[in-house]
Structure formats: structure tokens, C-alpha cells
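Residues per chain, in single letters:
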Amino acid sequence: MMAFVSETFWLGRRSLRRFLRVPSNTASIIIYPLIQLLLFSQLFADIVRLPGFGQATSYLAYLVPGQVAFTVLIATSWAASGLLLDLHTGFLDKLRVAPVRRGAILAGELAPLAFESGAMGGVVLLVAWLLGAGIATGILGALAIIGLGGLFGFAWAGISFAAALLTKSDQAAGTISMLFFPLAFTSTAFVPTAMMPGWLKVVNALNPVSYVIEAMRSVTIGWDWVTIGAGLLAILVLSAVTHVPAALAFRRLAA
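The structure displayed is predicted, hence computed values, not measured ones.

Rules used throughout
Residues numbered from 1 in each chain as written. Predicted model: local features only at pLDDT ≥ 70, side-chain atom pairs only at ≥ 80, totals over all residues. Heavy atoms only, no water. Phe/Tyr/Trp six-rings, centres within 6.5 Å; stacked < 30°, edge-to-face > 60°. Helix = DSSP H or I, 4+ residues; strand = E, 2+ residues; numbered from the N terminus. Lys NZ or Arg CZ within 6 Å of the ring centre and 35° of its normal. Expected span 1.5 Å × (residues − 1). Bend = angle between axes of the 7 residues up to and from the residue. Buried < 20%, exposed > 50% of the residue type's maximum accessible area, 1.4 Å probe, protein only. Polar contact = N/O pair within 3.5 Å; in protein donor to acceptor, adjacent residues only side chain to side chain. Core = buried A, V, L, I, M, F, W, Y, C linked by side-chain atoms within 4.5 Å. Contact = heavy atoms within 4.5 Å. Patch = residues over 30% accessible without salt bridge, like charges linked within 9 Å, V, L, I, M, F, W, Y side chains within 5 Å. Areas by Shrake-Rupley, 256 points an atom, 1.4 Å probe, with all protein chains shown as cover. Salt bridge = Lys/Arg side-chain N within 4 Å of Asp/Glu carboxyl O. Axes fitted to C-alpha atoms, helices over the stretch in contact; angles between N-to-C directions. Parallel < 35°, antiparallel > 145°, perpendicular 65-115°, else oblique. Left-handed = near helix turned anticlockwise from the far one by under 90°. Nonpolar A, V, L, I, M, F, W, Y, C, P; charged D, E, K, R; others polar.

(A) Broad picture of the packing of aromatic side chains. Across all of its chains, the model carries 14 aromatic pairs by this definition. On the basis of an interplanar angle of 75° and a centroid distance of 5.6 Å, the ring pair of F70 and F185 is categorised as edge-to-face. Of the two residues, F70 is situated in helix α3 (residues 59-77) and F185 in helix α9 (residues 180-185); the sequence distance between them amounts to 115 residues. An aromatic cluster of three or more residues is present, and its members are Y32, F40, F44, F70, F180, F181, F185 and F190. Note that R217 overlies the ring of Y62, its terminal NZ or CZ placed 3.6 Å from the centroid.

(B) Region of the structure containing α3. With 19 residues, α3 should reach 27 Å at 1.5 Å per residue; the first-to-last C-alpha distance of 27 Å fits that figure. At P65, α3 is bent by approximately 30°, the largest bend along its length. Most of α3 is tucked away: 18 of the 19 residues are buried. One side-chain oxygen at the N-terminal end of α3 lies 3.4 Å from the backbone nitrogen of L60; it belongs to S58.

(C) Seen up close, the side chain of E109. Locating E109 in the fold gives a position in helix α6 (residues 102-131). Owing to a relative accessible area of 6%, E109 belongs among the buried residues under this scheme. A distance of 3.3 Å separates polar atoms of two side chains, one belonging to E109 and the other to S15. At 2.8 Å, the side chain of E109 and the side chain of R18 are in polar contact.

(D) Looking closely at the nonpolar core. In terms of nonpolar packing, the biggest core is built from 45 residues, with I29, L37, Y59, V64, V68, L73 and F152 touching the most fellow members. Listing elements by their share of this core, those giving two or more residues are α2 (23-43), α3, α6, α7 (138-167), α9, α11 (208-221) and α12 (225-254). Among the elements that line this core, the one with the most residues is α3, at 12 residues. In this structure, A80, I105, L113 and L253 belong to the second largest nonpolar core, which totals 25 residues.

(E) Quick look at helix α1 (residues 2-20). Along its 19 residues, α1 runs 26 Å from first to last C-alpha, staying within 8% of the 27 Å computed at 1.5 Å per residue. In the core, the buried residues of α1 are packed alongside α2, α5 (91-97) and α6.

(F) Examining a nonpolar patch on the surface more closely. A surface patch of nonpolar side chains, amounting to about 660 Å² of accessible area, comprises I31, Y32, I35, L39, L43, F44 and F185. Here the nonpolar patch gets 5 residues from one element, more than from any other, and that element is α2. Assessed through its relative accessible area of 40%, F185 is described here as partly exposed.

(G) Inspection of the packing of α1 against α6 at higher detail. Two elements in contact, α1 and α6, have axes whose closest approach is 7 Å; the angle formed by their N-to-C orientations is 55°. Here α1 is positioned oblique relative to α6, judged by the angle of their axes. Both α1 and α6 take part in a crossing whose hand is right-handed. Note on element contacts: α6 touches α1 through G103, A104, I105, A107, G108, E109, A111, P112, F115, E116 and M120, opposite F4, E7, T8, L11, G12, R14, S15, L16, R18 and F19. When grouped by side-chain class, the residues that make up the contact of α1 with α6 number 11 nonpolar, 5 polar and 5 charged.

Here it is as C-alpha cells:
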């Protein structure tokens, strides 16, 4: 186990450095959620007066969890591009013949994504705080939101890896990753369930993104452990659905 952790750490360090070497990576990920946060919170500031928003008094505060989740989705949607690059350049073949556990190769690509997505979600959270969105649970609440974002990013990244490893194609991985758009826009990122039409309520009930957003949102106003637990369960189910096929495909590829 210690050897696996060590190998994952060093391979993960390489993946993280590869990401940080290109500053535009971070900028391109956070710019869209920040634009939505800044514009929508001003354009639709009075929407919280509608009955469906319940006790919400600030649309800016309501938007924050959704934009953190949006950031995480964007950050991890093309997560497998580095592994595909290693495959096409032959570096993955070198790792296969090296005394490195096969699982550590995949884990070394996945583990940094939790840090990257959590960190970039934290940037959005910081900007929202500077704009006036408060977190009733304080620093611990902010860390909890960042942690939920990191776990969610790790879970969602599996879909990119599954597509990439099954097809060995950047285009296929990128195309399937575009699923984050319908998932994000049919979630409670912008409006509560009470304001959705009937068909969208059905879709929303099956949407894991909504459960994660609601868990984050509950942290901003208090510690609702039932809602937080539902969010963690959604992350666990999403991880199983995305990572099992990714692991099986990688096992076949690295055999």
C-alpha cells in the first residue's frame, strides 16, 4: 500500500506540474463561471423575490454553489487528455515496463484532479465572497465546499477517462465530456426545484449535479447533514458509474 501511495504521489506530481505549466489552463476554466456569477447576479438580482426561492435574500449567494460546481465540471471534463498524450507519444508504454503498479498510473492522473478542481472552485468562492456573498458556517464551511468540489471533480473525471481509454480518441473524450452542459443547466444551479416545470423536476431528481450543489448550498447557511449526506452519496454513485468502466478499460489497455 505504501508503495502504491508513493508511486501515485510521484506520478500525480508530474500530472499536476504538467497542468500548472500552462497558466491559460486555469484562466480558461474559471472565466466562464465567473462571467455567469458576475452578470447573472446583477441582471437577475430581484429574482429571489419570487416565492419559489423561499428564504433566499441574495441571488449572488444562491448562484455561488452552482458556479463552483460548474467550475469543477469544466476543470475535469477533458481530464484524460494528458493520459492520451502519454499513450500516443509512447510514454505510457515506458511506464508499463517500469516497476510501477498499473493502478498507480491511473491514480496518478486522477488524484491531482481533486486538488485542481477544488482549488479552482475555491477561487470562484473567494471572488463571490469579495462581491459580498457570505458563508454562515465560516472558514470550515468554505473548506467543506472546496472539499465537496474536489470529490465531485474526482468523480466526474471518470467519464472523460472512460471515453478516452475505450476509444483512444481525444475527440470522443471531448465530445462525451460536453454532457456537463445539459447536466449543469438542468440542475438547481440557477433556480430552485419549486420553479421548474414538471418534466424538468423529473430530470433534476436524477441529476447528481443538483445533489452536490444543494449540499454546497446547505453549507453556506448551516450544517444540514441530511442534504450533505445526499450530496456525498451522489458523488459516490457517480464515481462508481464513471470509474469502474474507466478502470476496466485501463486494465485492458495496460495488460
